[in-house]
Amino acid sequence: MIRMPLPALRAALAAAALALAACSSDHELVCAAGEQVCGGACTSVEIDSSNCGACGTACGAYQECNAGACECGPGTVECGGGCVDLSSDPASCGACGNACGTGQVCAGGVCASACPAGQLSCGGACADPSSDRWNCGACGVRCDRGESCREGACRPDVYVACFATDDVRPANAALRGGLPRAAGDGPIALGVAAGRLWAAASLSHSLVSFPLDLGAAGVETVLGGGDLEALSVAGDRLWVANAAAGSLVVYDAAARRVVDEVVLGTTGVNPRWVAFANGRAYAALYGLDPTSGGQEVAVIDPATGGIVRRVDLRALADAPGLPFPSHAVVAGGRVFVTLANLRLGEWGYYTDPAGNGKLAVIDPAADDALSSVDLGGGCLNPGGLAASADGRMLWVACGGSGAVLPVELGDAGITLHAPVAGPDFSAPGNIALCGGMAYVTDQWSGSVWRFDPSTGERLAAGEICPQSQAGWAWAADVACAP
């Protein structure tokens, strides 16, 4: 077992914490890219309904700020120079200018004598306080852009890591992005643990934690090393892939401290995501080339940090390619790992498909027996991977095919279903299954799209991450908001 001594790492963390404390004592306000200070707080005048286009310019009722201008919010229309909800406005019930009589209310676009059971009358407008974003929990409580009203509280549906602009943004199911929060340099992966949202920032080599509502600035902890690539969650433990060091940093999110660093080999092993099954951690080692190491799954005992075995995946690639394992999940008691199956391209890098994308399948109950699934010609260069809560379905992001592939894990075997094509996406990246919906990032833009995993129907798409000052955007990861 190779173990990294922790005293030096802890000393570096302590020094970083002191440096951060010194900065905060000077009351230095650091805003995310594209933001400015309004009223002593960072905000984006492009999307802030209280500071729309300029500090202090507030949008009116049922309006939302978009591209620095107030406009009617989703589900509302313009009537007589103002924005109204035709389903509930007693002055425009069902149609502009269709006013209800004295003492009547508007419910579902129809004038009535009283609101239905469970709804409130908010000035004659019937509203369900459990889900109405304009009257969330009580009359007049308005959810911000990027939030939905869920169970009577305003909260995001998902979080998105915006790598190019160095921030994390909330988004609702309609894929309207909210105000950004600065998240180190190059936030690349997200996870929720110990009641907070965590972002791994690749270029600043740090973890940044936020309250779940993103209502306050993040707290940054520098881990050291370099090129953080992935973040996997097991209970309150974060397993952070430190690619430059060839290691996994294990961080206790509840105690806010590093508890271990597992060295997996040379820097070339390039660790990525980790899955957890039968008391073991299964780490995908992406590698770089035939001599760098990696191209395997390291099986780790989390209690000791020891490597129990290494599962070599090279035989699963099509010659002359290499497997390049990336995402790992557990479904039905087995570990599934995406294999990009790449060969050298014309520029001397492993960029071209050597064959169909594949899944490595490791069975912990059978002494980590190895098998594979060929994902077919409709799924090239797969990366992102998500499993349904019941372990019966996998969703594979086929980056080289512009689609997401549903894979059914049935009692009689594995079935590949028709791919779900992305809406003008270059390369589907990471996937999150949240509230019965599937959310997918685009590796070549700041966009995220949502589809119904039960039908494959594409329901919404939105550009959550704007372009940086350098002219590019990347929605690096998406995670479910509790």
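Read on for an overview of the structure. (Residues numbered from 1 in each chain as written. Predicted model: local features only at pLDDT ≥ 70, side-chain atom pairs only at ≥ 80, totals over all residues. Heavy atoms only, no water.)

**What to know about the overall build of the protein chain**
A count of helices and strands for the protein chain gives one helix and 43 strands. The C-alpha radius of gyration computed for the protein chain amounts to 24 Å, which stays within 12% of the reference 23 Å derived for 482 residues, consistent with globular compactness. A principal-axis box enclosing the C-alpha atoms of the protein chain has dimensions of 80 × 60 × 45 Å. For the protein chain, with 482 residues in total, the buried portion stands at 51%. In the protein chain, once contacts between residues fewer than 6 apart in sequence are set aside, the share between residues at least 24 apart is 40%. As displayed, the protein chain offers around 19600 Å² of accessible surface, 52% of which is attributable to carbon and sulfur atoms. (Helix = DSSP H or I, 4+ residues; strand = E, 2+ residues; numbered from the N terminus. Rg over C-alpha atoms; globule rule 2.2 N^0.38 Å. Buried < 20%, exposed > 50% of the residue type's maximum accessible area, 1.4 Å probe, protein only. Contact = heavy atoms within 4.5 Å. Areas by Shrake-Rupley, 256 points an atom, 1.4 Å probe, with all protein chains shown as cover.)

**Considerations on the sheet that holds strand β29 (residues 334-339)**
Strand order in the open sheet formed by four strands is β28-β29-β32-β33, with antiparallel pairing between adjacent strands. This sheet does not close on itself; its edge strands, each paired only once, are β28 (325-331) and β33 (369-374). Each adjacent strand pair in this sheet contributes to an overall mean axis angle of 25°, direction not counted. One ladder, built from five bridges, connects β29 with strand β32 (residues 358-363); its direction is antiparallel. Paired with leucine 339 across the two strands is lysine 358, which belongs to β32. (Pairing = 2+ DSSP bridges. Axes fitted to C-alpha atoms, helices over the stretch in contact; angles between N-to-C directions.)

**Here we look at the sheet that holds strand β19 (residues 219-222)**
Strand order in the open sheet formed by four strands is β16-β17-β18-β19, and the pairing between neighbours is antiparallel. Each having just a single partner strand, β16 (187-193) and β19 make up the two edges of the open sheet. When the angles between neighbouring strand axes are averaged without regard to direction, this sheet yields 25°. Bridging between β16 and strand β17 (residues 196-201) involves six bridges; their strand directions are antiparallel. The partner of glycine 191 across the bridge, within β17, is tryptophan 198.

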